Amino acid sequence: MILIKGGTVVDPVKDRIEKLDIVIDKDRIKDLVPCGKIFESDQFEFIIDAQGMIITRGLVDMHVHLREPGHEYKEDIRSGTLAAVAGGFTDIACMPNTDPVNDNASVTKFILEKAASQGFCRVHPIAAITVAQQGKKLTEFGELKKVGAVAVSDDGKSVLNSDLMRRALEYASYCGLAVISHCEDPFISEGGVMHEGRISTQLGLPGIPAASEEIMVARDILLSKLTKCPVHIAHVSTAGSVQLIKMAKEQGIPVTAETAPHYFSLDHTAVMDYDTNTKVNPPLRTEEDVEAIKSALKEDIIDVIATDHAPHSPLEKEVEFDRAEFGMIGLQSAVPLVLDLVREGVLELTQAIKKLSVNPAFILNISWENINIGQKANLTIIDPEFEYVLTEEMILSKSKNTPFLGKKLKGLVKFTFVDGELKFTSKLKF
Amino acid sequence: MSAFGHKDLLSIKQLSVSDIEFILEVATSLKELIYRDIKKVPTLRGKSIINFFYEPSTRTKTSFEMAAKILGADTISISASTSSMVKGETLIDTAKNLEAMNPDIIVIRHSSTGAPHLIAKRIKVGVINAGDGINEHPTQALLDLFTIKEKKGEIKGLEVAIIGDIAHSRVARSDIIALKKMGANVTVAGPPTMIPMEVESFGVRLCHDPYEAVKGKDVVIGLRIQLERQKKNLFPSLREYSNMFGISKKMLEFTKPDAIVMHPGPMNRGVEIMSDVADSGRSVILDQVTNGVAVRMAILYLLIGGQK
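Counting restarts for each chain: residues are numbered from 1 in the order of the written sequence. Written order determines the labels here, with chains lettered from A and ligands numbered from 1. Totals for whole chains, interfaces and linings use all residues, but because this is a predicted model, local features are given only for residues with pLDDT of at least 70 and pairs of side-chain atoms are given and counted only at 80 or more. Values shown for side chains rest on all heavy atoms present in the structure; no hydrogens or waters enter the calculation.

Caption draft 1: Seen up close, the overall build of chain B. By definition, any uninterrupted DSSP run of H or I lasting at least four residues is a helix, any uninterrupted run of E lasting at least two residues is a strand, and each is numbered from the N terminus. Per the secondary structure count, chain B includes 11 helices and nine strands. The globule rule used here is 2.2 Å times the number of residues to the 0.38 power, and the radius of gyration it is set against is calculated over C-alpha atoms. Computed over its C-alpha atoms, the radius of gyration of chain B comes to 19 Å, within 12% of the 19 Å expected for a compact globule of 308 residues. Reported as C-alpha extents along the three principal axes, the dimensions of chain B are approximately 55 × 45 × 35 Å. Here's how the labels work: a residue is buried when its accessible area is under 20% of the maximum for its type, exposed when over 50%, partly exposed in between, all with a 1.4 Å probe on protein chains only. Within chain B, the fraction of its 308 residues that count as buried is 59%. Here, two residues are considered to be in contact whenever any of their heavy atoms come within 4.5 Å of each other. Residue pairs in contact within chain B that sit at least 24 positions apart in sequence constitute 75% of those at least 6 positions apart. Each accessible area is a Shrake-Rupley estimate made with a 1.4 Å probe; only the visible protein chains count as cover when residues are assessed. For chain B, the accessible area works out to roughly 12,500 Å², and carbon and sulfur atoms hold 52% of it. One way to put it: in chain B the 40 positive side-chain charges average out to a point 3 Å from where the 34 negative ones average out. Charge counting treats Lys and Arg as positive and Asp and Glu as negative, with His and both chain ends excluded. By convention, the point assigned to a charge is CZ for Arg, NZ for Lys, CD for Glu and CG for Asp.

Right, here's the structure in full:
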């Protein structure tokens, strides 16, 4: 048995924060009592002193690129899930843009088997909407669902054919799969490498206008309205998208939305030095967009915070800005950046944890047990006050492409339990 | 690093007003070398300069070579088709390999914005940006300043119009930054598809009508239209572009009577500039080319070890 004592347990469902001691026996929570009621004894294998720490049900990241199969030099299922538990995530959903694309049951099964044998956390595969993500022909949603896919997405691009997207929403809803939409009009964004605006003008870099995202957000909302089927908008980055989603929710259209920590932590001025680690798709937007994303999180217009963890090696990043691939890693910087929002007063702690756990679990329809007696012990223990500089050595992902390298972060995941097993312990000490 | 205080020349943004004044001053004193019988001085003897042109260029490349040779330096030219780029070598690797041969400066033109900045950060040798993507062309801006100063005496307070494809022109971007730094007033005009978003953030005035834009101006700068832009529907036809935005005698009736016309070349005659304007007494286009050699001599001299 394991005793975790003195920690502050956050319950995002009951919206409650209380100091509780937790006893873990094998894979389950055996006891949950007000602090100080359980005495240390040798019946415990070990005892974690969680004084001053936040304890939450393991976090869920619904937007991760694990790169396996095909691009194992950037990341694989082992390294990606290790970075995930180091970031406090016990459940991650991985995008299908691998090589081969996860557009059939055999790739989905491969990912699940690999995750079961080598992974540090649970992996939920997202399959492609269309074969080879080419936007032409639907994949076999029924079979994909049966073998364990939780959602479909052509992440990286939009399904351009609106009729096909309509059919995808209808058919996915019937099969019990979520549809995650990457919203981008590729004609308007073609050649662009950063947000089109003041900074792209100053830097002489071709721009991607906000409208490139908003056009597709609007379309997908209208398709969701037409079909009455849910759609989840990935990585929302603009104030315009927020407005559209707000309007849709007010009308009762079943749309949900996520944003990534970099869209509320950084704006387009971060690109100033031509740092390719700031090149992401959608791009870092304006100061006004960042404010709009924060308000949307506060007002629950945006339901989920997901990292869009996108590992790339120096081969793709140590090159000319326009040749560099889009994407930054995010699993290990999410918690401190979200805690910044709590410290700024943008989010309540329970609200923040909700967007990092129960909300994405609900959208993906994956099992999610709260911290209760008898439930599986999936726990993340965070020291919210721990300050440190993010170094390459700390990053457990194979790729180190993040603009937060060398930056000071506050808030560190100390321990992560997956089904009662301690999968991660931070080696950092005060 | 030289007494000039800069390892590289990557952007006009990095230069102070006094840096620019100093470059122009040195260029003025070096210009006479171009007209000497024996065009060679030993100032940079034993120095080697690599011209690494990843994009085609006639003027800029020749100008840098001429400048280097007059000052006595050895020059080596590499183009994209003869470099290892075609074999798949990365830009950083190519730059590091060139550095390993210990040159004194690398002049680079590249189709990607920020490419000179990328290599400058990773090698100790100085880097001169000879044009990066649609971003900047700092030596062009300096030679434009030199030419304007030569013809008009003083840059401060001058009224300058830049007409054409502002969005995709590295000359426009560097010229605007340089002219604003030196206290000129800049007005831009062009098809709306070729005006970058929030162009006013440069401190320029955006004018809808090119005829209005040149009104009362001391200097009119035309920009090259890249013909492939037509394919992206940035303008419907060369004919329409020429009719609406081509710098013509008629347009110049609106400027100050002694206004000069500039163009960075290569010109599309009859498109962005009419032949009778390009060949007129108003045109200082060939002076720009000559001054390019003088300004590049100054820059090479200052970066490789001139004394301030």
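Caption draft 2: Molecular detail of the interface of chain B and chain A. Listed as interface residues are 24 residues of chain B and, on the opposing side, 18 residues of chain A. Once two parts are joined, some of their accessible surface, as seen by a 1.4 Å probe, is lost; buried area is that loss totalled over both. Interface area for chain B against chain A, summed over the two sides, is near 1,700 Å², with a carbon-plus-sulfur share of 49%. Three residues stand out in chain B for area buried against chain A, namely B:Ser112, B:Thr113 and B:Met197, and they jointly supply 27% of the buried area on that side. Whenever two N or O atoms come within 3.5 Å, that pair is a polar contact, provided that in protein one can donate a hydrogen and the other can accept it, and provided that, for residues adjacent in sequence, both atoms are side-chain atoms. Inspection of the region where chain B meets chain A yields 11 residue pairs in polar contact (both at pLDDT 80 or more). Counting residues per element, the side of chain B that touches chain A draws most heavily on helix α4 (residues 115-122) of chain B, which supplies five residues. Of the residues in the side of chain B that touches chain A, the class split is 10 nonpolar, eight polar and six charged. When residues are sorted by character, Ala, Val, Leu, Ile, Met, Phe, Trp, Tyr, Cys and Pro go into the nonpolar class, Asp, Glu, Lys and Arg into the charged class, and all the rest, Gly among them, into the polar class.

Caption draft 3: Structural context of helix α10 (residues 287-298) of chain A. Residue and element names in this part refer to chain A. The span one expects for a helix is its residue count, reduced by one, times 1.5 Å. Helix length check: α10, at 12 residues, gives a terminal C-alpha distance of 17 Å against a target of 16 Å (1.5 Å per residue), a fit within 8%. Every buried residue of α10 is accounted for by Asp 289, Val 290, Ala 292, Ile 293, Lys 294, Ala 296 and Leu 297. After α10 finishes, the residue Asp 300 shows a positive phi value of roughly 60 degrees.

Caption draft 4: The arrangement of the packing of helix α3 (residues 91-100) of chain B against α4(B) in detail. All names here are of chain B. Fitted lines through C-alpha atoms serve as axes, helices being fitted only where they are in contact, and the angles separating the N-to-C directions of these axes extend from 0 to 180 degrees. Running from N to C, α3 and α4 point in directions that differ by 50 degrees, and their axes come no closer than 10 Å. As the angle between them shows, α3 and α4 are arranged oblique. The crossing of α3 and α4 is right-handed. Contact with α3, carried on its side by Leu 91, Ile 92, Ala 95 and Lys 96, involves Ala 115, Leu 118, Ile 119 and Arg 122 of α4 and no other residues of that element. Across the contact of α3 with α4, the residue classes tally to six nonpolar, no polar and two charged. Any angle that falls under 35 degrees is termed roughly parallel, while one over 145 is termed roughly antiparallel, one within 65 to 115 roughly perpendicular, and all others oblique. A crossing counts as left-handed when the near helix is turned anticlockwise from the far one by less than a right angle, and as right-handed when that turn is clockwise.

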